[in-house]
Amino acid sequence: MKITLNNNEVSMAGESFSVRELLGLMKFTFPMIVVKVNGRLVRKEDYERVFVGDGDFVEAIHLISGG
Amino acid sequence: MKSRLEKLKGTCIGIAGCGGLGSNCAMALARAGVGHLVLADFDVVTRENLGRQYYFLDQVGQKKVQALKDNIARVDPGINVEAHDLCLGPDEVLRIFKNCRVIIEAFDRAEMKLMLIETVTERFPDKFIIVGSGLAGYGANNALRTRRLGNLFICGDEISEVSEETPPLAPRVGAVAAMQANQVLEIVMDDLQPASGDDVWDE
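Counting starts from 1 at the beginning of each chain's written sequence and moves along it residue by residue. Starting at A for chains and at 1 for ligands, labels are handed out in the order in which the entities are written. With the structure being a predicted model, the display of local features is reserved for residues of pLDDT at least 70 and the display and counting of side-chain atom pairs for 80 or more, all residues being used for whole-chain, interface and lining totals. Heavy atoms from the whole structure form the basis of all side-chain values; hydrogens and water molecules are not counted.

**Some words on the overall build of chain A**
Right, on to step 1. Of regular secondary structure, chain A possesses one helix and seven strands.
Right, on to step 2. Strands here mean DSSP runs of E at least two residues long; helices mean DSSP runs of H or I at least four residues long; both are numbered from the N terminus. Each helix and strand of chain A, ordered N terminal to C terminal, gives the series β-β-β-α-β-β-β-β.
Right, on to step 3. Throughout, radius of gyration means the C-alpha value; the globule benchmark is 2.2 Å times the number of residues raised to the power 0.38. Taken over the C-alpha trace, chain A has a radius of gyration of 12 Å; the compact-globule value for 67 residues is 11 Å, and the two agree within 12%.
Right, on to step 4. Projected onto the principal axes, the alpha-carbon positions of chain A cover approximately 40 × 25 × 20 Å.
Right, on to step 5. The burial tally for chain A puts 51% of its 67 residues in the buried class.
Right, on to step 6. Here the contacts in chain A between residues at least 6 apart in sequence split such that 57% fall between residues at least 24 apart.
Right, on to step 7. Methods summary: accessible areas were calculated by the Shrake-Rupley approach with a probe of 1.4 Å, and residue burial reflects only the protein chains presented. With an accessible surface of roughly 3500 Å², chain A has 50% of that area assigned to carbon and sulfur atoms.
Right, on to step 8. Taking the average place of the 8 positive charges on the side chains of chain A and the average place of its 9 negative ones, the gap between the two points comes to 7 Å. Classification of residues uses two cut-offs on accessible area relative to the type maximum, computed with a 1.4 Å probe and protein chains only: under 20% is buried, over 50% is exposed, and between them is partly exposed. By the convention used here, residues are in contact when the closest approach between their heavy atoms is within 4.5 Å. We treat Lys and Arg as the positive residues and Asp and Glu as the negative residues; His and chain ends play no part in the count. Throughout, a charge is located at the NZ atom of Lys, the CZ atom of Arg, the CG atom of Asp or the CD atom of Glu.

**Here's the deal with the nonpolar core**
Residues and elements named next belong to chain B.
Right, on to step 1. What we call a nonpolar core is a set of buried Ala, Val, Leu, Ile, Met, Phe, Trp, Tyr and Cys residues that are connected through their side-chain atoms within 4.5 Å. Core analysis: the largest hydrophobic core is formed by 39 residues, its most contacted members being I13, L29, L37, L39 and I72.
Right, on to step 2. For this core, the elements supplying multiple residues, two or more each, are β1 (12-16), α2 (20-32), β2 (36-41), α3 (64-75), β4 (102-105), β5 (128-132), β7 (152-156) and α6 (170-189).
Right, on to step 3. Ranked by residues supplied to this core, first place goes to α6 with eight residues.
Right, on to step 4. In terms of nonpolar packing, the next biggest core, distinct from the first, is built from 31 residues, C100, M115, L116 and I129 among them.

**A few points about the interface of chain A and chain B**
By a widespread convention, an interface's size corresponds to the accessible area lost as its parts come together.
Right, on to step 1. On the chain B side, the residues contacting the 19 residues of chain A number 32 residues.
Right, on to step 2. Between chain A and chain B, a total of about 2200 Å² is buried, with carbon and sulfur atoms accounting for 60% of that surface.
Right, on to step 3. The rule for a salt bridge is simple: a side-chain nitrogen of Lys or Arg has to be within 4 Å of a carboxyl oxygen of Asp or Glu. Joining chain A to chain B, the criterion identifies two salt bridges.
Right, on to step 4. R43 of chain A serves as the salt-bridge partner of E122 of chain B, at 2.8 Å between the closest nitrogen and oxygen.
Right, on to step 5. Counted as a polar contact is a pair of N or O atoms within 3.5 Å, where, for protein atoms, one must be capable of donating a hydrogen and the other of accepting one, and residues adjacent in sequence contribute only when both atoms are in side chains. Scanning the region where chain A abuts chain B turns up ten residue pairs in polar contact (both at pLDDT 80 or more).
Right, on to step 6. Secondary structure elements with two or more residues in the side of chain A that touches chain B: β4 (33-37) and β7 (57-62) of chain A.
Right, on to step 7. At four residues, β7 of chain A tops the list of elements feeding residues into the side of chain A that touches chain B.
Right, on to step 8. Three residue categories are used. Nonpolar comprises Ala, Val, Leu, Ile, Met, Phe, Trp, Tyr, Cys and Pro, charged comprises Asp, Glu, Lys and Arg, and polar comprises the others, including Gly. Partitioning the side of chain A that touches chain B into residue classes produces nine nonpolar, six polar and four charged. Buried surface area refers to the total accessible area, computed with a probe of radius 1.4 Å, that the two partners give up upon joining, counted for both partners together.

**Overview of the pattern of salt bridges**
Residue and element names in this part refer to chain A.
Right, on to step 1. Under the criterion given, the structure shown has 15 salt bridges over all chains.
Right, on to step 2. Measuring nitrogen to oxygen at the nearest pair gives 4.0 Å for the salt bridge that ties K2 to E9.
Right, on to step 3. A residue is classified by how much of its surface remains accessible, and K2, at 43% relative accessible area, is partly exposed.
Right, on to step 4. On the basis of relative accessibility, which here comes to 60%, the residue E9 falls in the exposed class.

**Some remarks on the confidence of the model for chain B**
Right, on to step 1. For every residue, the predictor assigns a confidence score, pLDDT, that lies between 0 and 100. Here chain B averages 94 in pLDDT, and 96% of its residues register 70 or above.
Right, on to step 2. Interface predicted TM-score (ipTM) for the complex: 0.87; the corresponding pTM is 0.93.

See the structure below:
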């Protein structure tokens, strides 16, 4: 499948992945991350339930402490 | 067509957290002519805060929201400032920021940033939220940038975390606070709409 992750096209072996799996594969390791799939915010408690497939537009942003 | 000053004067902006980002952002918005500001913070000014936050020596020990309100009044007593001395959770966000067009995220901790993003995105889809993320240390001017995801703007380098080696320092914290204020001006002056926004990546 091909997805757009943070504005870059990414090809992956497989039909679909949960958000949790995708973040692991893409090495998003910080505890606080904003995830949007096709413009919709995905809450942390839904990472296992929301799946990403071919053509989806995913954004994942690390939130950094300090302010 | 409203003039620049009329538009800003009629705008209400929420400031969630009045530390390094929030105090500097609020002052920039006040000087630019924003007419209504809603401030929220639970903390008091410390001596150490003076290294990067918009407070003065004689304000050490005062509540930050009151000290910031006083400082804004010294620039323009005509600005309407609501000061909320409280710790923000989702319920407080929904209550105190309901009349704001834009909410500035100016918390220290990443989990608070996420709480505010989730609350505003899900419950206030007609408002913008401008987050500061990645502002520790010094130098690397050109790593600071702004990205838009729908109603969410993110200002900062998205990398540098506050630590012993990379403390928050006035120039870079102030730069990100000014970027947040500058983004408010663009939203108000150019009448940006939360829903219509394609995600924009300034790489």
